[in-house]
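Read off the chains here:
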Amino acid sequence: MFQKYLSVITILMALLIGSFGVVSSSVAQTKGEVPGSALGIKSDSDLWRYVRTGNAGTSQMKDELAAVMIQSEGDNWRAFRNGPLSSYGAYGLAIIVALLVVFYAVRGRIKIEAGPSKEKILRFGTIDRFAHWLMAGSFVILGITGLNLLYGRYVFIPIFGKEGFATITAFGKLAHNYLAFAFMAGLGLSFVLWVRHNIPSKLDLKWLAMGGGIFVKGVHPPARKFNAGQKIIFWAVMIGGLSVSMSGIALMFPFQTSMFSETFAMLNLVGFNLPTDFTVLQEQQMNQLWHGIVSLALMTMIIAHIYIGSVGMEGALDAMNTGMVDRNWAKEHHNLWVEEEDQKASPKPAE
Ligand code: HEM
């Protein structure tokens, strides 16, 4: 009997001590560091706000990204990619095509005004044409496969279904990755071959002031081997191409570059006030956006170049096809270059 009372008393004592413990531990919580599922003084919303704003915890994994549970900048990246980048990129491409259609309707094909001559003149040798087509061919495929990454799902999934789109995109990605190197080689070779003809000069201002003679018949501003319009294309392709190549390499070998923090740090030296402490993942996200922005801008410009180099101007394509252009075409569009070539062929005696 006594033993029965003793065990009841023991249980009551244990419960009492236990509840004291709970009370005393909840009183002692000051920093919210409570083991188990209790939150202490930290609310759910505080905890999730902390995680949601991209803060890093601790992790035993070697991957330095693993300590961040939610990388919130990813939201901004996705919103920009699927928002302004996709929509303005599409507007740019649509607008240039529309402008070219209007231009063609109004101006028609730019003809050789003096009519084709029987004489041809060498404009681009084999190596020039090889460099051009290496750069151009790879650029076109890179452009198409890149556009597929941005817009393909909207166009191809309704036609080929998800699996079909996945197959197209997997092959497209392979082509994109490997042809990038062909583009870089073509870009480098074209730079070496043509840079000396693309140094800006006073003549370019005159060419630009006369609208390149493109809009009005019978107007032919003087030009050497490359006119101001071509020089603009040359430098845009070189600088834009280099930038696209660098951001592309950074995307291909992820988490190894800090181009944006380094570039922003340099810009800060000349008066900007840009952030420079980006995580490797933020670097990747900015690389992706920059890669998209620059390549869409280049594509928009190159569509106009392709038009003028083919259907838009009689005789232009010969320069990159056989390399031999009609002499009258050359005299109308590059008169000073023709004079230089004639002088080289049969030098006049010095006066
Ligand atoms: C795919 C169709 C293309 C065609 C039909 C085409 C046509 C031409 C032609 C005919 C020329 C020589 C112009 C002249 O004799 O003065 C030329 C030059 C040039 N092309 Fe292309 N091209 C194409 C694509 C590209 C692409 C994709 C790029 C660059 C990514 C490019 C970059 C250049 C550059 C930098 C020049 C020298 C500067 C100039 O003439 O504008 N081309 N192209």
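Basis of the calculations
Residues numbered from 1 in each chain as written. Predicted model: local features only at pLDDT ≥ 70, side-chain atom pairs only at ≥ 80, totals over all residues. Helix = DSSP H or I, 4+ residues; strand = E, 2+ residues; numbered from the N terminus. Contact = placed C-beta atoms within 7 Å. pLDDT = per-residue confidence, 0-100. Axes fitted to C-alpha atoms, helices over the stretch in contact; angles between N-to-C directions. Parallel < 35°, antiparallel > 145°, perpendicular 65-115°, else oblique. Nonpolar A, V, L, I, M, F, W, Y, C, P; charged D, E, K, R; others polar. Near = placed C-beta within 6 Å. Domains from an automatic or database assignment. Expected span 1.5 Å × (residues − 1). Bend = angle between axes of the 7 residues up to and from the residue. Left-handed = near helix turned anticlockwise from the far one by under 90°.

Colleague: Sorry if this is basic, but what is going on with the overall build of the protein here?
Modeller: Counting secondary structure elements, the protein contains 11 helices and 2 strands. When the elements of the protein are put in sequence order from the N terminus, they spell out α-α-α-β-α-α-α-α-α-α-β-α-α. Taking all contacts inside the protein whose residues are at least 6 apart in sequence as the whole, residues at least 24 apart take part in 68%.

Colleague: Looking at this structure, I do not really get the confidence of the model for the protein. What am I missing?
Modeller: Close inspection of predicted coordinates is inappropriate for parts of the model with low pLDDT. This prediction gives the protein a mean pLDDT of 90; 87% of its residues lie at or above 70. Scored below 50 in pLDDT, residues 15-27 makes 0 contacts in the model with residues more than four places away or belonging to other chains.

Colleague: What is the right way to look at the packing of helix H3 (residues 73-107) against helix H8 (residues 280-309) in this model?
Modeller: Each pair of packed helices can be described by the angle between their axes along with the distance between the axes. At a minimum axis separation of 10 Å, H3 and H8 run at an interaxial angle of 5°. Judged by the inter-axis angle, H3 sits roughly parallel to H8. Facing Glu73, Gly74, Trp77, Phe80, Arg81, Leu85, Gly89, Gly92, Leu93, Ile96, Val97 and Leu100 of H3, the residues of H8 in contact are Gln282, Gln285, Leu289, Gly292, Ile293, Leu296, Met299, Thr300, Ile303, Ala304 and Tyr307. Among the residues making up the contact of H3 with H8, the classes are represented as 14 nonpolar, 7 polar and 2 charged.

Colleague: Would you take a moment to explain the site of the ligand for this structure?
Modeller: Around the ligand there are 21 residues in total, and Ala136, Phe139, Gln230, Gly309 and Ala319 lie nearest to it. When residues of the shell around the ligand are traced back to their parent elements, those giving at least two are helix H4 (126-194), helix H6 (228-252), H8 and helix H9 (318-321). It is H4 that provides the largest number of residues to the shell around the ligand, a total of 6 residues. For the shell around the ligand, the per-class residue count stands at 14 nonpolar, 6 polar and 1 charged. Looking at which domains feed residues into the shell around the ligand, each of domain 1 (124-197) and domain 2 (228-335) gives three or more.

Colleague: For this particular structure, what's the right way to read unusual backbone geometry?
Modeller: A negative phi holds for most residues other than glycine; trans holds for most peptide bonds. The phi dihedral of phenylalanine 255 is positive, around 65°, even though this residue is not glycine. Locating phenylalanine 255 in the fold gives a position in the loop between H6 and helix H7 (259-269).

Colleague: I tried to follow H4 on my own but got confused; where do I start?
Modeller: Because each turn of an α-helix spans 3.6 residues, side chains separated by three or four positions in sequence point in the same direction. With 69 residues, H4 ought to run about 102 Å at 1.5 Å a step, yet its terminal C-alpha atoms sit only 14 Å apart, falling short of that. At phenylalanine 160, H4 shows its largest kink, close to 120°.

Colleague: Just to check I follow, could you spell out the packing of H6 against H8 for this structure?
Modeller: In the contact formed by H6 and H8, the axes pass within 9 Å of each other and the chain directions differ by 150°. On the basis of their axis angle, the class for H6 and H8 is roughly antiparallel. Between H6 and H8 lies a crossing of left-handed hand. In contact with Ile233, Ala236, Val237, Gly240, Ser243, Val244, Ser247, Gly248, Ala250 and Leu251 of H6, H8 contributes Gln284, Asn287, Gln288, Trp290, His291, Val294, Ser295, Ala297, Leu298, Met301 and His305.

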